Amino acid sequence: MLTDFLDPLFMSTDPNTLLHDAWKWQRGDVSRHTGGDLAAALGRVRATTFVMPISEDMFFPVRDCAAEQELIAGNELRVVEDDAGHLGLFDMSPDYVRQVDAYLSDLFARQ
């Protein structure tokens, strides 16, 4: 299943696009606006927020997301339970979208 998914996805992608994406991910640091102070940067968030890591995500482990989530006032940690990990983002498992939809429905129903 993964070969049928990953090979067509990445083999058809221009290598420069992958390099650009890697560059973007490495430099996507919200703390650059606060002199490198992540707590100050996340402390600026005023919106009601759900931090929604995926239970088996090896790129963004729940423990890392939970540590950053604690720096945002008025938010909740909502873990998406999915054995596919980060691949859940590509709708690789039947329950991922249902969980995300439920969490977002809850979030958007708030005042």
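What you are looking at is a predicted structure, and each value in this text was computed from that prediction instead of being measured.

Quick word on the overall build of the protein
- Helix and strand counts for the protein stand at five helices and two strands.
- Along the protein, helices (α) and strands (β) appear in the sequence α-α-α-β-α-β-α when read from the amino end.
- Considered along the principal axes of its C-alpha atoms, the protein spans approximately 40 × 35 × 25 Å.
- A total of about 7,900 Å² of accessible surface is found on the protein, and carbon and sulfur atoms cover 58% of it.
- Distance from the positive charge centre (9 side chains) to the negative charge centre (19 side chains) of the protein: 11 Å.

Re helix H2 (residues 15-27)
- If you check H2, its first and last C-alpha atoms are 19 Å apart, about what 13 residues at 1.5 Å a residue would give, namely 18 Å.
- With a side-chain oxygen positioned 2.6 Å from the backbone nitrogen of Asn16, the residue opening H2 is Asp14.

Reading the values: the criteria
Residues numbered from 1 in each chain as written. Predicted model: local features only at pLDDT ≥ 70, side-chain atom pairs only at ≥ 80, totals over all residues. Heavy atoms only, no water. Helix = DSSP H or I, 4+ residues; strand = E, 2+ residues; numbered from the N terminus. Areas by Shrake-Rupley, 256 points an atom, 1.4 Å probe, with all protein chains shown as cover. Lys, Arg positive; Asp, Glu negative; His and termini not counted. Charge placed at Lys NZ, Arg CZ, Asp CG, Glu CD. Expected span 1.5 Å × (residues − 1). Polar contact = N/O pair within 3.5 Å; in protein donor to acceptor, adjacent residues only side chain to side chain.

Note that all results are geometric; they support no functional claim without further evidence.
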